[in-house]
Amino acid sequence: MISIILLSGFGIINLFVGFLKSKRILLPLSLLFLAIVFGVNLLDWNDTQSYFNNMLTIDNYAVAFTGIMVLSTLLILPFTQHFITRNDENLGEYYALLLFSLVGAVMMVSYENLLMLFVGLEILSIAMYVMAGSDKSSLRSAEAGLKYFLMGSFFTGVLLFGMVMIYGATGTFNITEISATQAIGADGVTNTMFVLGLLLIVIGISFKISAAPFHFWTPDVYEGTPTVWTAYMSTVVKTAGVAAFFKLMYAAFAASYASWMPTLVAITVLTLVIGNIGAVVQQNMKRMLAYSSISHAGYMLMALIAFNEYSESSILFYSFAYSTASIAAFGVLQLVVKQRGSETFEAFNGLGKTNPLLALAVTVSMLSLGGIPLTAGFFGKFFVFASLIENPDMMWLIVVAVVLAAVGIYYYFKVVIAMYMHPAGDHAPIQVSGFINAMLIIITALTILLGIAPALLSDIL
Amino acid sequence: MITALLLFWPALAALLVLLIKGQGAKKVAFIATLVEFAIALFATVNFVPDATTQFALDMPWVERAGIGFSIGMDGISLLMVLLTTFLMPLIVLSSFKHDYKDPHVFYALVLFMQTGLIGVFVAMDAFLFYFFWEVALIPIYFIAAIWGGARRIPVTFKFFVYTIFGSLFMLAAFVYLYFQTAGTGIAAHSSNVNAFYQLTLDSATQSWIFWFLFLAFAIKMPVFPFHTWQPDTYTESPTQATMLLAGIMLKMGIYGVLRWLLPVVPMGVSQWADTVLVLSIIGIVYASIIAIRQQDLKRLIAYSSIAHVGLIAAGIFALNEQGLQGGVLQMLSHGINVVGLFFIIDIIFRRTNTREIASLGGITQTTPVLSIIFLILLMGSIALPLTNGFIGEFLLLSGVFQHNFYFGAFAGTTIILGSVYMLRMFQGVMFGTKSEATEGFADLNFNEKAVLIPLVIMVFWIGLFPNTFLSISEPAVGQLLSIINR
């Protein structure tokens, strides 16, 4: 609970620090803030408490997801160094927005009431709309911001509409009470308003986690958004979205499982297919990562479909494995784009020769995204498939996912091939600060550590 | 503990090698592989030849899912580990005259791959096996794709995607089997090899699991018609990678059949054994005929490798003691012969800059030592008595004959066809008149002898005293048969 208050307070401090002459202090300060929040958050472990008249519940689920989201943000932050040199007038605002958006993310994993879910989602989204358009000199960034804002507002409306219908059907916003009303009578399944509301909620959240067929904004927005915020968008926002989705379905709508499951299965299959097939044809690394992020939403939804006691730790592990790998990929992409001015795979040519460390970080992250052993991504996929296999009717979905995972190897290796097997040409080595190097080493080590000893994270929930 | 040491020492050495800049890396790598071989010999001396799994280490790994870090060795594993650790120093030594760019990365990858290979042979847990299976693939992909020939990028990519595709099916089958083991809830299941052996599945299930697993192993070996990646990959890879692929890595596939296919789904195996036999025999004849037509030496040996592996697969799927024992022994022999032959081709290529049979010839005139060693390895390869190939192929063929006379008759053509392409190669390369390319061909230097002489010794050792090795694997093979026939 203190973590929400701290994050808000630190966000305001950042806002004021932004007025200072020396804006260099913002980055170390934000890192310090996040480290404090990370530590304080852990104090709530095994100490379930309700706050604000049962609006929020901080349980282990909330603490675990808050932990990995704060940690992911910590790992992303160093790559914002880029912005400091640009000497942006509004630098303080970005750091403040980042912390504010985290407040929204934390609320999304600890809500007890649909209103809190909505408020959390809005806090997170509005910050992201600004971030998407934050590169004011770029037309693409402005386009991304506008697109994201228009689409996002529309789907937020859909989500809110759904919540209101659920309220109409059950008379409450509290997720435990919603669950109880369904348990009393089988009414929930047949009540048209209830089912419609549920469907709208599923659509609204699917948009936020870029699940197909509500994914169409993803490639454009990801491409236009400044890379470091894309990294944030595709990791923290997605983790919060999937965690909120699972919590909602598990805590509120478990009883009407049969009515929403077919929809979700359809969404998942579509997401997997569109994400993986879409990524195959991309020539642009950033767009490829955007499609890959769609496909990973599909894998995470598979754990949701499994809907058993292993789902939550599968989602937790998968989110973090996916986040570390994505951060490394986007982080290096940002450095490459800055130096070589292109986002295509060709821009990575010869990186293995000129910058072995960057190449290694990307390789490990691609192996992890592809789900190859020795990396966290393998166990992420393994846990997801394993939790789903308890449900024998879903064997076919696993087969589909396995085949598509093989497709994934194909496009993830395009960049690896470019880095190691194509000559660098006249590309000079990329200048990287020692701090970023250290960060990349940490991220890579984390990915490999979880690939060797997955129990460190998978057994905590 | 010895098993863990065997497993982690190369990985540790790989990290060490990474830190050494320049050509000193190869020396450190060589010493590391020698140490590894010494550890393997120590294990062999302490090995009690019975059917148990020895030097076992069993620790929880992913407790939530009941997956253990279980490693250990029975007779079959031990022989595979011996083969790997014996060939590794020679493979490293064979590269001493090459100046690969970024040697520290090259040798680190080689050592890292050794950990993967050893891991495959000692893993006693299905997921651990899968884990090392993929761990072995990644370094060899990079070795072949970075240091390979002109067409290396598409060729190795095909190899990589092909094998990953196969192994994902294996993973799916393992996950299914794992959920069939006793217990409810994830933590109660087990992926230990013994838990898999105790499964009693109905024959329809066994049938599809057989194909899921067989696909992965067949691609790796490779068995016809899953071999299409192999000739190109062998040809385009740098020699050391080809040696690793042909000498050791294809044994992963055969070992996988022995450990994870035959005893796990015996009913599926007996349903499909004849199909596999037919495929293998087609592979033998088909690959041999193509080998006869080859002009490129490396491609020729690549096709001959498909033929030899076809015979091993046929012998194993005959499902009797001769066939299985022959398969195990022939894995050793094939590894030794093929590494030697690829090295000789490498020697010829480095001196003449060509691998075309037509542009070579007359090498014997100046190279007595090379000629003799080449001939011995060749004879081993075409199964002349007194050499290692004879024992293995004899056992394999007698296994196949026991199973079915006609299969045996067709499989037996391997010996005739093998002599045709091997002797044709030897004649074209070594005899005849000197060509422009082979003018002034120097005999073996010390380094090359140091690689080839241990191989020649092994050719005769296995040929004359096969019992040294057969007695190690015999109890394990016997137990395997009793599980299959249960």
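A. Summary view of the overall build of chain B. The helix and strand inventory of chain B stands at 18 helices and two strands. Taking 486 residues into account, the globule formula puts the C-alpha radius of gyration at 23 Å, and chain B, at 21 Å, falls close to it. Per-residue burial for chain B yields a buried fraction of 68% across its 486 residues. In chain B, the share of contacts with a sequence separation of at least 24, taken over all contacts with a separation of at least 6, comes to 82%. Of the charged side chains in chain B, 22 are positive and 23 negative; the average position of the first set lies 9 Å away from that of the second.

B. Representation of the pattern of salt bridges. Applying the stated rule across the entire model yields 16 salt bridges over all chains. Of the charged contacts in the structure, one is a salt bridge between Asp74 of chain B and Arg259 of chain B, with a shortest N-O distance of 2.7 Å. One end of the pair, Asp74 of chain B, is in the loop between strand S2 (67-73) and helix H3 (75-94); the other, Arg259 of chain B, is in helix H10 (residues 239-261), with 185 residues separating them in the sequence. Accessibility classification places Asp74 of chain B together with Arg259 of chain B in one group, the buried group. Here Arg355 of chain B makes a salt bridge to Asp296 of chain B, at a shortest N to O gap of 3.3 Å. In this pair, Arg355 of chain B is assigned in the loop between helix H13 (321-352) and helix H14 (368-381) and Asp296 of chain B in the loop between helix H11 (266-293) and helix H12 (297-317), connecting sequence segments 59 residues apart. For the pair Arg355 of chain B and Asp296 of chain B, a shared accessibility class is recorded, and that class is buried. Ionic contacts of the salt-bridge type, sharing partners, join the residues Arg140, Glu143, Lys147, Asp220, Glu223, Lys286, Arg287 and Glu343 of chain A into one network.

C. Focus on the interface of chain A and chain B. Each side of the interface is counted separately: chain A has 35 residues, and chain B has 35 residues. Here chain A packs against chain B, burying approximately 3200 Å² in sum over the two surfaces, 81% of which is carbon and sulfur. In this assembly, chain A and chain B are joined by one salt bridge. Between Lys353 of chain A and Asp102 of chain B there is a salt bridge, with its nearest N and O atoms 3.1 Å apart. Linking chain A with chain B are three residue pairs in polar contact (both at pLDDT 80 or more). Residue assignment for the side of chain A that touches chain B shows that the elements contributing at least two residues are helix H15 (311-340), helix H17 (356-370), helix H18 (376-389), helix H19 (395-421), helix H20 (434-452) and helix H21 (455-458) of chain A. Element by element, the count of residues in the side of chain A that touches chain B is highest for H19 of chain A, at 11 residues.

D. Just the domain arrangement of chain B, in detail. All names here are of chain B. Under the domain assignment used here, chain B contains domain 1 (1-264) and domain 2 (269-486). Contact with domain 1, which involves 54 residues of that partner, is made by 56 residues of domain 2. Around 4800 Å² of area is buried between domain 1 and domain 2 when both sides are counted, 77% of it from carbon and sulfur atoms. It is Leu79, Phe224 and Leu262 in domain 1 that bury the most area against domain 2; as a group they hold 13% of the surface buried on that side. Across the salt bridge formed by Arg299 and Asp232, the nearest N and O atoms sit 3.1 Å from each other. Taken together, the elements giving at least two residues each to the side of domain 1 that touches domain 2 come down to H3, helix H8 (203-220), helix H9 (230-236) and H10. Looking at side-chain class alone, the side of domain 1 that touches domain 2 contains 36 nonpolar, 13 polar and five charged residues.

E. Looking closely at the environment of Leu335 of chain A. Residues and elements named next belong to chain A. Inspection of the secondary structure assignment puts Leu335 in helix H15. Sequence separation between Leu335 and Ile430 is 95 residues; the distance between their C-alpha atoms is 7.4 Å. When residues no more than four places from it in sequence are discounted, the contact partners of Leu335 are Leu358, Ile430, Val432 and Ile436.

F. Expanded view of the packing of aromatic side chains. One pass over the full model with this rule turns up 81 aromatic pairs over all chains. Measuring from centroid to centroid gives 5.2 Å for Phe121 of chain B and Tyr255 of chain B, while their planes differ by 80°, and the two rings are edge-to-face. Of this pair, Phe121 of chain B sits in helix H4 (residues 103-122) while Tyr255 of chain B sits in helix H10, and the two are 134 residues apart along the sequence. Both residues of the pair, Phe121 of chain B and Tyr255 of chain B, count as buried. Lying over the aromatic face of Tyr111 of chain A, Lys247 of chain A brings its terminal NZ or CZ to 5.7 Å of the ring centre. Here Lys381 of chain A stacks its cationic end above the ring of Tyr299 of chain A, 4.5 Å away from the centre of that ring.

G. Spotlight on unusual backbone geometry. All names here are of chain B. Here the bond from Met221 into Pro222 is cis, since omega is -5°, no more than 30 degrees from zero. Mapped onto the elements, Pro222 comes out in the loop between H8 and H9. At the junction of Phe224 and Pro225, the peptide bond is cis and its omega measures out at 0° in the coordinates. Take Pro225: it is sitting in the loop between H8 and H9. Positive phi, normally seen in glycine, also occurs at Leu319, with a value near 55°.

H. Layout of the nonpolar core. One finds Phe348 and Met366 of chain A together with Phe174 and Phe317 of chain B to be the most contacted residues of the largest nonpolar core, which totals 388 residues. In terms of residue count, helix H5 (residues 126-147) of chain B provides more of this core than any other element does, 19 residues in total. Mapped onto the domain boundaries, this core takes at least three residues apiece from domain 1 (1-264) and domain 2 (269-486) of chain B. Phe174 of chain B has contacts with Ala126, Phe127, Phe129, Tyr130, Phe196, Leu213 and Trp260 of chain B, leaving out every residue within four places of it along the chain.

I. Here's a closer look at empty space enclosed by the protein. For the coordinates displayed, the defined rule picks out nine cavities of 30 Å³ or more. Of the pockets and cavities examined, the largest cavity occupies roughly 100 Å³. Lining the largest cavity are 15 residues, and of these Gly370, Gly371 and Lys381 of chain A together with Tyr130 and Leu168 of chain B sit closest to its centre. With four residues, the top contributor of residues to the lining of the largest cavity is H18 of chain A. Estimated volume of the second largest cavity: approximately 80 Å³. For the lining of the second largest cavity, the element with the highest residue contribution is H19 of chain A, accounting for four residues. Of the residues belonging to the lining of the second largest cavity, the class tally is 10 nonpolar, no polar and no charged.

J. Structural detail: the confidence of the model for chain A. Of the residues in chain A, 97% have a pLDDT of 70 or more, and the chain-wide mean is 89. The secondary structure element of chain A with the lowest average pLDDT is helix H9 (residues 187-190) of chain A, at 54, and the one with the highest is helix H3 (residues 60-76) of chain A, at 94.

K. Molecular detail of helix H2 (residues 26-42) of chain A. Its 17 residues place the ends of H2 of chain A 24 Å apart at the C-alpha level, agreeing with the 24 Å of an ideal helix rising 1.5 Å per residue. Taken as a whole, H2 of chain A has its buried residues at Leu26, Leu27, Leu29, Ser30, Leu31, Phe33, Leu34, Val37, Val40 and Asn41 of chain A.

L. Looking closely at the packing of helix H7 (residues 139-170) of chain A against helix H11 (residues 217-224) of chain A. All names here are of chain A. At their nearest, the axes of H7 and H11 sit 7 Å apart, and the two run at 140° to each other. The angle between H7 and H11 places the two elements in the oblique class. Along this stretch, H7 crosses H11, giving a crossing that reads as left-handed. Counting all contacts with H7, which are made through Arg140, Ser141, Ala144, Lys147, Tyr148 and Met151, the residues of H11 involved are Trp217, Asp220, Val221, Glu223 and Gly224. Here the residues of the contact of H7 with H11 are counted per class, giving five nonpolar, two polar and four charged.

M. Broad picture of helix H5 (residues 91-110) of chain A. With 20 residues, H5 of chain A ought to run about 28 Å at 1.5 Å a step, and its terminal C-alpha atoms sit 30 Å apart, in line with that. Taken across its 20 residues, H5 of chain A has 18 buried, putting it largely inside the fold.

N. Up close: the pairing of S2 of chain B. Residue and element names in this part refer to chain B. Counted residue by residue, S2 has seven buried out of seven residues, so it is predominantly covered. Burial along S2 is two-sided: Ile67, Phe69, Ile71 and Met73 facing one way and Gly68, Ser70 and Gly72 facing the other are all buried. In this structure, strand S1 (residues 54-62) lies alongside S2, joined through six bridges in antiparallel fashion. Looking across to S2, one finds that Pro60 is bridged to Gly68.

O. Representation of the packing of H10 of chain B against H12 of chain B in the model. All names here are of chain B. The N-to-C vectors of H10 and H12 enclose an angle of 15°; their axes lie 12 Å apart at closest approach. In terms of axis orientation, H10 runs roughly parallel to H12. Remark: the crossing between H10 and H12 carries right-handed chirality. When H10 is examined against H12, the residues Thr239, Thr242, Leu250, Ile254, Val257, Leu258 and Leu261 are found in contact with a partner set consisting of Lys298, Ser305, Val309, Ile312, Ile316 and Phe317. Residue composition of the contact of H10 with H12, by class: nine nonpolar, three polar and one charged.

Rules and cut-offs
Residues numbered from 1 in each chain as written. Chains lettered and ligands numbered in written order. Predicted model: local features only at pLDDT ≥ 70, side-chain atom pairs only at ≥ 80, totals over all residues. Heavy atoms only, no water. Helix = DSSP H or I, 4+ residues; strand = E, 2+ residues; numbered from the N terminus. Rg over C-alpha atoms; globule rule 2.2 N^0.38 Å. Buried < 20%, exposed > 50% of the residue type's maximum accessible area, 1.4 Å probe, protein only. Contact = heavy atoms within 4.5 Å. Lys, Arg positive; Asp, Glu negative; His and termini not counted. Charge placed at Lys NZ, Arg CZ, Asp CG, Glu CD. Salt bridge = Lys/Arg side-chain N within 4 Å of Asp/Glu carboxyl O. Buried area = accessible area lost by both parts, 1.4 Å probe. Polar contact = N/O pair within 3.5 Å; in protein donor to acceptor, adjacent residues only side chain to side chain. Domains from an automatic or database assignment. Nonpolar A, V, L, I, M, F, W, Y, C, P; charged D, E, K, R; others polar. Phe/Tyr/Trp six-rings, centres within 6.5 Å; stacked < 30°, edge-to-face > 60°. Lys NZ or Arg CZ within 6 Å of the ring centre and 35° of its normal. Core = buried A, V, L, I, M, F, W, Y, C linked by side-chain atoms within 4.5 Å. 1 Å grid on protein atoms, 1.4 Å probe; cavity = no way out; pocket = protein on both sides within 12 Å on 5 of 7 lines; lining within 4 Å. Points joined across faces, edges and corners; volume = space filled by probe spheres on them. pLDDT = per-residue confidence, 0-100. Expected span 1.5 Å × (residues − 1). Axes fitted to C-alpha atoms, helices over the stretch in contact; angles between N-to-C directions. Parallel < 35°, antiparallel > 145°, perpendicular 65-115°, else oblique. Left-handed = near helix turned anticlockwise from the far one by under 90°. Pairing = 2+ DSSP bridges.

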